[in-house]
Amino acid sequence: MEKIREAIQDIKESQIRMESDLSYHIKRTDLLEHQIQEQRKVMAPLYVLDWFKNNYKFLIFLTSFVAGIILIINKKI
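Keep in mind that what you see is a predicted model, and the values were worked out from it rather than measured.

A.B. asks: Describe the overall build of the chain, with residues and values.
C.D. replies: A count of helical and extended segments in the chain gives 1 helix and 0 strands. Its C-alpha radius of gyration of 31 Å places the chain more than 25% over the 11 Å reference for a compact globule of 77 residues. Each of the three principal axes of the chain carries a C-alpha extent, and together these read 100 × 20 × 20 Å. When the accessible surface of the chain is totalled, it reaches about 7700 Å², and 66% of it is carbon and sulfur. Between the centroid of the 12 positive side chains of the chain and the centroid of its 10 negative side chains there is a distance of 19 Å.

This is the structure:
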């Protein structure tokens, strides 16, 4: 009977430790998620700049194409 009580006590203590570990990890995960969101906000302009650097040829083509069409339409009018 005494062994069963000791086993139950060990299980209760283990459960308490697991709950405290779990709450710590949840807090840590929330903190890391918050830091990631802040970093994304800071890095957003760099993502846009990187996108423009990778696609500037297409953007120049597109704007010159639209400008050419507008020029042709204005000459016909």
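A.B. asks: I'd like a rundown of the environment of Ile60, residues and numbers included.
C.D. replies: With respect to the element layout, Ile60 can be found in helix α1 (residues 2-76). Relative accessible area serves as the criterion here: at 53%, Ile60 is assigned to the exposed category. Distance from Ile60 to Tyr24, taken between C-alpha atoms, is 52 Å for residues 36 residues apart in sequence.

A.B. asks: Lay out the packing of aromatic side chains with the relevant residues and their values.
C.D. replies: Centre-to-centre distance and the angle between the planes together describe a pair of aromatic rings. The tally for this structure, following the rule as stated, stands at 2 aromatic pairs. Ring centres of Trp51 and Phe52 lie 5.2 Å apart, and the angle between their planes is 70°; on these two criteria the pair is classed as edge-to-face. A residue is classified by how much of its surface remains accessible, and Phe52, at 41% relative accessible area, is partly exposed. Pairing Phe61 with Phe65 gives two aromatic rings, centres 5.9 Å apart and planes at 25°, and the pair type is stacked. Of the two residues, Phe61 and Phe65 are both situated in helix α1; the distance of 4 residues between them amounts to about one turn of the helix. Phe65 sits in the partly exposed class, given a relative accessible area of 46%.

A.B. asks: Pulling in residues and values, what's your account of a nonpolar patch on the surface?
C.D. replies: Residues Phe58, Phe61, Leu62, Phe65, Val66, Ile69, Ile70, Ile73 and Ile77 make up a contiguous nonpolar surface patch of roughly 900 Å² in combined accessible area. Along the chain, Val66 turns up in helix α1.

A.B. asks: Please set out a negative patch on the surface residue by residue, giving values where relevant.
C.D. replies: Taken together, the side chains of Glu2, Glu6, Asp10 and Glu13 present a region of like negative charge at the surface. Assignment of secondary structure puts Glu2 in helix α1.

What counts and what doesn't
- Residues numbered from 1 in each chain as written.
- Predicted model: local features only at pLDDT ≥ 70, side-chain atom pairs only at ≥ 80, totals over all residues.
- Heavy atoms only, no water.
- Helix = DSSP H or I, 4+ residues; strand = E, 2+ residues; numbered from the N terminus.
- Rg over C-alpha atoms; globule rule 2.2 N^0.38 Å.
- Areas by Shrake-Rupley, 256 points an atom, 1.4 Å probe, with all protein chains shown as cover.
- Lys, Arg positive; Asp, Glu negative; His and termini not counted.
- Charge placed at Lys NZ, Arg CZ, Asp CG, Glu CD.
- Buried < 20%, exposed > 50% of the residue type's maximum accessible area, 1.4 Å probe, protein only.
- Phe/Tyr/Trp six-rings, centres within 6.5 Å; stacked < 30°, edge-to-face > 60°.
- Patch = residues over 30% accessible without salt bridge, like charges linked within 9 Å, V, L, I, M, F, W, Y side chains within 5 Å.
- Salt bridge = Lys/Arg side-chain N within 4 Å of Asp/Glu carboxyl O.

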